[in-house]
Amino acid sequence: MNVAKIALVLILWTAFHRARAVLVQGLCHSGTVSCANRIGCIPPLWVCDGGKDCIDGSDEIGCGITVPISMNFPKIPQRTNPTREDLTIGNKGLNVPGVTSARERLISWFKQRRKSGSSVDKWGSQLHRVAVALHLANGSFFSPGNTIGQEITYELTIQLLHRLSKDKKMSSEELALYIHAMMVACMNPRDFYGLNLVQELRKRTAANANYTNPFQILVLCNSGDPMTTTDVERVMAAYDSQHRPFWTDTQALSSLALACLSTKFNLVKDERILKDMLQELKRHQFRNGTVDNLKTTALVLQALLIDDSFEKDFDMKSALESIIQSVSGNITLLNAYYALPVLFGNSLLNVSSSHCKATPETEAEALEKALNVNGGTISVQFSVWFGDQIELARTWRLKMHPNNSIYDVIETVSKIDNRQKVQYNVVEGKPFVTSLGGIEDDPERGTFWFIHLRNLNKDGEPELMEQSPVDLKLRPNQEIILWYKPGPWSSHPQIATSTTSN
């Protein structure tokens, strides 16, 4: 082998490993590598095989060098193009042409819904569904390093606070959608600024004696709420109801809910019930592979993924092909919401918080550490309020050093509960609160963070303080209120202001 050929081999080898290095930086399961944009994992043999498997094409970087046929260079094992269209469902694989491009198109469609020019409300009112669909397409979407995932989590918080404080008339179905979204976004639906949303959904479900949407039962089950035989009865009643033209959709959701209930000890004693429900769903398929329409087809496929016998008496490949064909045209949000998980072999049954990092310590443990003070102490109360009418509130009771400032109280609470992290703007060397728990001052809506003080032993309105919290010293039996609300210059009634240090 002459010098020129040896040099060519070295160039190719370097280019190949450089391409692999770009790919291995992500977090993927063993035996796979990450695309450069971290939106997908592929087998190593797919690198430099001539087909762009990553959305950003990073698996084909540095692969444009050809090797002379006469050289005895060991070839990289190639896979045939059809395997790029494999869809893994359970322990089985289906070859479905077009599934890769359909996935990419739907993910791109979801991301294009984002409004680039808006400071808030970038994702719209269906954000809860967007969050769930993107998570079921990519389990690492809400990992700490994903900026879009972090933005969605922030906007979910703002949107839900606004919905809860606006009229408190959110439907049970809407509440269930938000709980699902919170789970995938690693937010705690049992403690949303002091509200237990799972408990609220359970109360509403128990109060409804007539008909229960099976989606509510599925969400309660996915969130780990204790399930009972009454929940099974409600699901079965929903499945047997005759709510046409939505009958098939309801049957599919009922099947998903019962599948979740079947995982609970001794709740569903006859496994044939679920198999019979799935068999009934299969009978709704038309000759062209569809079940009524795209949305219903995708929802039925999600239900059929429950059991390994999904191909028996049902043309799964034809149904998937009909979905792929449909998403090549006009796309609606509901169609994309149900279809995208199916194209990755997932369903609403896969919604959970199992991908989230465990809470490092309980609030009681953090409190004990944060309040490890010696000597004399005074009792104070710290509250976080939302809305002009105090629609949401949470309170901590603390013992602090007498010479501490209100700034020390705010920082202590952030140690107790890591969701209460505060950010400040420094004005003339003094910090002023501008963000709590990711909720920032919003000049467009005119809502800001204000510090108010009042004496717990006296009646009267909280007093607005204009000083920096470092200049406000503690007093016994004092309540410190960090209040997110419209500015007092635009709200009624006006709150008295004070420029005197407390």
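Scoring rules and cut-offs
Residues numbered from 1 in each chain as written. Predicted model: local features only at pLDDT ≥ 70, side-chain atom pairs only at ≥ 80, totals over all residues. Heavy atoms only, no water. UniProt positions renumbered as here; feature names shortened; annotations may be inferred. Pairing = 2+ DSSP bridges. Helix = DSSP H or I, 4+ residues; strand = E, 2+ residues; numbered from the N terminus. Core = buried A, V, L, I, M, F, W, Y, C linked by side-chain atoms within 4.5 Å. Buried < 20%, exposed > 50% of the residue type's maximum accessible area, 1.4 Å probe, protein only. Contact = heavy atoms within 4.5 Å. Phe/Tyr/Trp six-rings, centres within 6.5 Å; stacked < 30°, edge-to-face > 60°. Lys NZ or Arg CZ within 6 Å of the ring centre and 35° of its normal. pLDDT = per-residue confidence, 0-100. Salt bridge = Lys/Arg side-chain N within 4 Å of Asp/Glu carboxyl O.

- Per an unreviewed UniProt entry, the protein is named Gastric intrinsic factor, and its organism is Trichonephila inaurata madagascariensis.
- Reading the Subcellular location (unreviewed entry) entry of the UniProt record for the protein gives the comment "Secreted".

**Focus: the pairing of strand β10 (residues 447–455)**
Moving on, step 1. Of the pairings in the sheet, the one linking β10 to strand β12 (residues 478–486) comprises nine bridges and is antiparallel in character. Paired with R454 across the strands is E479, a residue of β12.
Moving on, step 2. Note: β10 against strand β11 (residues 463–465), three bridges, orientation antiparallel. Bridging from a neighbouring strand, I451 pairs with M465 of β11.

**What about the nonpolar core?**
Moving on, step 1. Ranked by size, the top nonpolar core spans 121 residues in total, and within it L261 and L348 carry the most contacts.
Moving on, step 2. Here this core takes nine residues from helix α5 (residues 172–184), the largest share from any one element.
Moving on, step 3. Sequence-distant contacts of L348, that is, excluding residues within four places in its chain, are made with V132, L136, H180, F215, L218, N222, L253, L256, Q302, Y337 and Y338.

**A look at the pairing of strand β7 (residues 422–427)**
Sheet faces and side chains relate simply in a regular strand, where the side chains alternate between the two faces.
Moving on, step 1. Bridge count between β7 and strand β8 (residues 430–436): six bridges; the pairing is antiparallel. Its bridge partner being in β8, Q423 is matched across the sheet by S435.
Moving on, step 2. From the end of β7 to the start of β8, which pair antiparallel, there are two residues, and E428 there has a positive phi angle of about 50 degrees.

**Comments concerning the environment of D231**
Moving on, step 1. Tracing the chain through its elements places D231 in helix α8 (residues 229–240).
Moving on, step 2. For D231, a relative accessible area of 2% corresponds to the buried category.
Moving on, step 3. In contact with D231, other than residues within four places in its own chain, are R202, I217, P226 and L261.

**With respect to the packing of aromatic side chains**
Moving on, step 1. Within this structure, the stated rule accounts for 12 aromatic pairs.
Moving on, step 2. When the ring of F192 is compared with that of Y193, the centres are 5.2 Å apart and the planes differ by 90 degrees; the resulting orientation is edge-to-face. The residues F192 and Y193 share a single accessibility class, namely buried.
Moving on, step 3. For the ring pair Y193 and F386, a centre distance of 4.9 Å and an interplane angle of 75 degrees mean the geometry is edge-to-face. Residue Y193 is located in the loop between α5 and α6 (197–207), and its partner F386 is located in strand β5 (residues 378–386); the two are separated by 193 residues in the primary sequence.
Moving on, step 4. One aromatic cluster is present, formed by F192, Y193, F386, W449 and Y484 through successive ring pairs.
Moving on, step 5. Sitting above the plane of the Y337 ring, R129 keeps its charged end 5.3 Å from the centroid.

**Quick word on the confidence of the model for the protein**
Moving on, step 1. For the protein, the average pLDDT comes to 79, and 74% of its residues sit at 70 or higher.
Moving on, step 2. Note that pLDDT drops below 50 for residues 16–26; the model gives that stretch 26 contacts with residues more than four away or on any other chain.

**With respect to the pattern of salt bridges**
Moving on, step 1. Following the criterion strictly, the structure yields 13 salt bridges and no others.
Moving on, step 2. In this structure, R394 and D191 form a salt bridge, with 3.5 Å as the shortest nitrogen-oxygen distance. A residue pair is termed long-range when its members are at least 10 positions apart, and R394 in strand β6 (residues 392–400) and D191 in the loop between α5 and α6 qualify at 203 residues.
Moving on, step 3. Looking at R394, the relative accessible area reads 16%, which means it is buried.
Moving on, step 4. With a closest N to O distance of 2.8 Å, D225 and R202 form a salt bridge. With D225 in the loop between α7 (214–222) and α8 and R202 in helix α6, this pair connects stretches of sequence that are 23 residues apart.
Moving on, step 5. Because the salt bridges share partners, they merge into one network encompassing R190, R202, D225 and D231.

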